[in-house]
Amino acid sequence: MSPHRLEVTPTLLARLLDVIETDIVPLTRAATVKGNKIFGAALLRKSDLSLVLAETNNEVENPLWHGEMHCLKRFYERPAAERPPTADLIFLSTHEPCSLCLSAVTWAGFDNFFHFFSHEDSRASFAIPHDLKILSEVFGIAPGGYRTENAYWRAYPIRRLIEDLDPEARTPLTEGAHRLDRIYADLSEVYQASKGGADIPLPCSVAAPVDLCRRRRDNGALSPRQGIASLTDRKALLLTGASR
């Protein structure tokens, strides 16, 4: 069992959703037009939930700079006096970390990480299957088969934690989660349209994000205007921060 457990409250979950939307998304919005994937990460202090650092995927520079890896790189580029102990921090990932990033979180000494989207979301909704495929092909682990609570850390799936709340606390957080669904559907479309010139070893297909946008539009999560806008218009909206 994990030696450390965090108290999960609606206030904490609301803060994590806010950091994703306010601090990570603007970085990802600028990165996807260069061909980087949509993954991002942030570090927060456990004591007051203040932001230490937010970063996003930078695979066009180095294929190892996944969102989590790039965040840790930037963190350790800071002078030691400016870096809080990792035991005092919350690690936030927009998407469930891959095996590379799981190891990095472990070696860096974090006792937790929170993620919004799951491995299954990355494959089915964003056409990025490599997280699950590597776990299966290299480690022989089925989806969801790694130990989410162990001697090093505990994983906290934000969506599931929101679902477990009572209705009064759950409703505003669900609205925020739906907003992130729309934002990341848009970001994914821009990434798929922009990745062609990027020298990234593991490519992704384009079908799933289109299906995602269509499904969420049909379910009312996307407005008709958002659902039918061209990729060129969507890219312009994302760059200005107008697409929600």
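Further up the page is the structure itself.
On a predicted model such as this, the values are computed, not experimentally measured, just so you know.

A.B. asks: Could you clarify how one ought to interpret the overall build of the protein in this entry?
C.D. replies: When helices and strands are counted, the protein shows ten helices and five strands. Within the protein, the proportion of its 244 residues that are buried is 51%. The long-range fraction of contacts in the protein, counting pairs at least 24 apart against all pairs at least 6 apart in sequence, stands at 68%. Carbon and sulfur atoms provide 54% of the accessible area of the protein, an area that totals close to 11,300 Å².

A.B. asks: How should the state of the cysteines be read in this particular structure?
C.D. replies: Joining two cysteines, a disulfide is a covalent bond between their sulfur atoms. Following the criterion strictly, the structure yields zero disulfides and no others. We note that Cys 98 lacks a disulfide partner, and the nearest cysteine sulfur, in Cys 101, lies 3.7 Å from it. Look at Cys 98 and you get buried, because its relative accessible area is 9%.

A.B. asks: Please clarify how the sheet that holds strand β3 (residues 89–95) should be interpreted in this entry.
C.D. replies: Each strand in a sheet pairs with another by means of backbone hydrogen bonds, the pair being arranged parallel or else antiparallel. Here we have five strands laid out as an open sheet, ordered β2-β1-β3-β4-β5, and mixed in their pairing. Each edge of the open sheet is held by one strand with a lone partner, namely β2 (51–56) and β5 (154–157). For this sheet the average axis-to-axis angle between neighbouring strands, irrespective of direction, equals 20°. When strand β4 (residues 112–117) meets β5, the two strands line up parallel, connected through four bridges.

A.B. asks: Before we go on, may I ask you to explain the nonpolar core in this structure?
C.D. replies: Grouped burial of nonpolar side chains is what soluble globular proteins tend to show. One finds Leu 16, Ile 20, Leu 92, Phe 114, Phe 116, Ile 158 and Tyr 184 to be the most contacted residues of the largest nonpolar core, which totals 34 residues. Mapped by element, the contributors of at least two residues to this core are α1 (10–32), β1 (40–45), β3, β4, α6 (158–163) and α7 (167–194). The residues touching Phe 114, leaving out its near neighbours within four places in the chain, are Leu 6, Val 8, Leu 12, Leu 16, Ile 90, Phe 91, Leu 92, Ser 93, Tyr 156, Ile 158 and Leu 161. By size, the runner-up hydrophobic cluster in this structure holds 23 residues, among which are Leu 53, Leu 89, Cys 101 and Leu 102.

A.B. asks: When you look at the environment of Val 19 in this model, what are you seeing that I'm missing?
C.D. replies: Position of Val 19 relative to the elements: it lies in helix α1. Between the alpha carbons of Val 19 and Ala 41 there is a distance of 9.4 Å; along the sequence they are 22 residues apart. Leave out the neighbours within four places in its chain, and Val 19 touches Ile 24, Ala 42, Leu 44, Leu 51 and Leu 92.

A.B. asks: Would you explain the pattern of salt bridges in this entry?
C.D. replies: When their charged atoms lie close together, side chains carrying opposite charge are able to pair. Going through the model one piece at a time under the given rule, you end up with nine salt bridges. A salt bridge links Glu 59 to Lys 37; the shortest N-O distance between them is 2.9 Å. Taken together, the residues Glu 59 in the loop between β2 and α2 (67–76) and Lys 37 in the loop between α1 and β1 connect sequence positions 22 residues apart. On the accessibility criterion, Glu 59 (5% relative accessible area) is buried. Between Glu 55 and Arg 74 there is a salt bridge, with the nearest N and O atoms lying 3.5 Å from each other.

Parameters and conventions
Residues numbered from 1 in each chain as written. Predicted model: local features only at pLDDT ≥ 70, side-chain atom pairs only at ≥ 80, totals over all residues. Heavy atoms only, no water. Helix = DSSP H or I, 4+ residues; strand = E, 2+ residues; numbered from the N terminus. Buried < 20%, exposed > 50% of the residue type's maximum accessible area, 1.4 Å probe, protein only. Contact = heavy atoms within 4.5 Å. Areas by Shrake-Rupley, 256 points an atom, 1.4 Å probe, with all protein chains shown as cover. Disulfide = S-S within 2.5 Å. Pairing = 2+ DSSP bridges. Axes fitted to C-alpha atoms, helices over the stretch in contact; angles between N-to-C directions. Core = buried A, V, L, I, M, F, W, Y, C linked by side-chain atoms within 4.5 Å. Salt bridge = Lys/Arg side-chain N within 4 Å of Asp/Glu carboxyl O.

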